[in-house]
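Understanding the architecture of this molecule
Next come the chains, spelled out residue by residue.
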Amino acid sequence: MPSLDPTLRVARRLAEIERVTVLTGAGVSAASGVPTFRGRDGLWRTFRPEELATPHAFARDPRLVWEWYDWRRQRIAACSPNRVHEVLAEWSRRYPRFRLITQNVDGLHERAGTQHVLRYHGSIWDVRCAGGCARDAWLDVRVPLPDLPPRCPRCDGPLRPDVVWFGEPVDPRVAALARDATLCDVFFTIGTSAVVYPAAGLAHEARARGAMTVEINPEPTEATALVDVALQGPAEDVLDALDRAVCKIAGSSSARGAS
Ligand code: OAD
């Protein structure tokens, strides 16, 4: 007997459940023009993370770190959400219990209107104090700032981007909410190389808790052999096809119900 097409298998499951959790990585923003980290033109091919994305790098040269983040913000500001962001935004309204955990700091899921976004690695658009008070602060970082690093209005310490750097823990509240979200019916891991922990561990946790796990990625990754279904291809195409298949199934079952 021929086996069921994997996209159809996932679509059928999606048509009958309510709890969907999605983990996204840099690959979902690739079609928008945001560079990934480890791909052919990935940021970590040109830049050294230990010089730009660690607390030590910031302590040594805060100006350099700010300039790099300003450059990234300007690139991101010129990009728009793509079909992946659109489908996931739609799912966030369609599924009663939808959660999205993103490792991306670009804010494109929010710009697409996605609800229930957990920013696992923070946001490139937010800042907080790296000095004594360590509190969140507000600053309009959409335009490059004249004096770097900007200072905390409360304690005059240096402000820093509110992102998770190498060697830093994920905000414990966010980590706990992400762990809760692994209790779901279908868990997607989309556009991530699945090498950075603890994010990469969430798919394993979801599977252990009974979810169907699905990966969408054009390349095999560390997660491919461990998920139930690997859909190979660019997420903007695969997710679009998957969403059409779900709508078709839902449409035909509601038509049957009406007759
Ligand atoms: P990576 O750059 O490590 O991986 C990007 C993944 O996206 C790769 O597996 C690509 O094959 C895949 N990809 C490329 N184009 C795609 C497309 N059109 N559709 C779907 N997938 C595509 O990025 P992340 O896994 O997100 O952390 O990296 C994880 C973390 O490492 C980041 O959050 C960042 C980085 O260092 C911090 O800054 C703390």
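Rules of the game
- Residues numbered from 1 in each chain as written.
- Predicted model: local features only at pLDDT ≥ 70, side-chain atom pairs only at ≥ 80, totals over all residues.
- Heavy atoms only, no water.
- Helix = DSSP H or I, 4+ residues; strand = E, 2+ residues; numbered from the N terminus.
- Buried < 20%, exposed > 50% of the residue type's maximum accessible area, 1.4 Å probe, protein only.
- Contact = heavy atoms within 4.5 Å.
- Arc of directions from axis to C-beta.
- Phe/Tyr/Trp six-rings, centres within 6.5 Å; stacked < 30°, edge-to-face > 60°.
- Lys NZ or Arg CZ within 6 Å of the ring centre and 35° of its normal.
- Pairing = 2+ DSSP bridges.
- Axes fitted to C-alpha atoms, helices over the stretch in contact; angles between N-to-C directions.
- Near = heavy atom within 4 Å.
- Polar contact = N/O pair within 3.5 Å; in protein donor to acceptor, adjacent residues only side chain to side chain.
- Areas by Shrake-Rupley, 256 points an atom, 1.4 Å probe, with all protein chains shown as cover.
- Nonpolar A, V, L, I, M, F, W, Y, C, P; charged D, E, K, R; others polar.
- Domains from an automatic or database assignment.

For Thr 213, the location among the structural elements is in strand S8 (residues 212-217). Exposure remark for Thr 213: the relative accessible area of 1% places this residue in the buried category. Not counting residues up to four positions away in its chain, the partners in contact with Thr 213 are Phe 187, Ala 203, Ala 206, Arg 207, Leu 226, Val 227, Asp 228 and Val 229.

Considered for burial, the residues of helix H1 (residues 6-14) that qualify are Val 10, Ala 11 and Leu 14. Buried residues of H1, seen end-on, are gathered within an arc of 100° and therefore sit on one face of the element.

Inspection of the entire model under this criterion finds 10 aromatic pairs. Between Phe 47 and Trp 71, the ring centres sit 5.5 Å apart and the planes meet at 55°, which makes this aromatic pair tilted. With Phe 47 in the loop between helix H2 (43-46) and helix H3 (49-52) and Trp 71 in helix H5 (residues 62-77), the pair connects residues that are 24 residues apart, well separated along the chain. The partly exposed category is assigned to Phe 47, whose relative accessible area is 25%. Plain terms: the ring middles of Trp 91 and Tyr 95 are 6.0 Å apart, the flat faces sit at 80° to each other, and that makes the pair edge-to-face. The exposure class of Tyr 95 is buried, given its relative accessible area of 6%. Taken together, the aromatic side chains of Phe 37, Trp 44, Phe 47, Phe 58, Trp 68, Tyr 69, Trp 71, Trp 165 and Phe 166 make up a single cluster linked through ring pairs. Above the face of the Trp 165 ring, Arg 160 is positioned so that its terminal group lies 3.8 Å from the ring centre.

A few words now on the sheet that holds strand S3 (residues 117-119). Pairing within the open sheet is parallel, and its six strands lie in the order S3-S2-S1-S7-S8-S9. The strands lining the two open edges of the sheet, one partner per strand, are S3 and strand S9 (229-232). Taken pair by pair, the neighbouring strands of this sheet meet at an average axis angle of 15°, ignoring direction.

Right, let's talk about the pairing of strand S7 (residues 186-190) for a bit. Summarising burial for S7: five of the five residues are buried, a large majority. By the alternation rule, side chains of S7 split into Val 186, Phe 188 and Ile 190 and Phe 187 and Thr 189, which are all buried. Relative to S7, strand S1 (residues 19-24) is paired through five bridges, and the arrangement is parallel. Paired with Val 20 across the two strands is Val 186, which belongs to S7. Sheet topology note: the S7/S8 ladder contains five bridges and is parallel. Its bridge partner lying in S8, Ile 190 is registered against Ile 216.

Around the ligand, the surrounding shell holds 23 residues, and the nearest of these are Phe 37, Arg 38, Thr 192, Ser 193 and Asn 217. Contact between the ligand and Trp 44: an oxygen atom at 2.9 Å from a side-chain N or O atom of the residue. Between the ligand and the protein, one listed contact pairs an oxygen atom with a side-chain N or O atom of Ser 193 at 2.5 Å. About the coverage of the ligand: the protein hides 89% of its 800 Å² of free accessible area. Among the residues forming the shell around the ligand, the class breakdown is 10 nonpolar, 10 polar and three charged. Each of domain 1 (1-32 + 82-121 + 171-259) and domain 2 (35-78 + 127-163) accounts for three or more of the residues forming the shell around the ligand.

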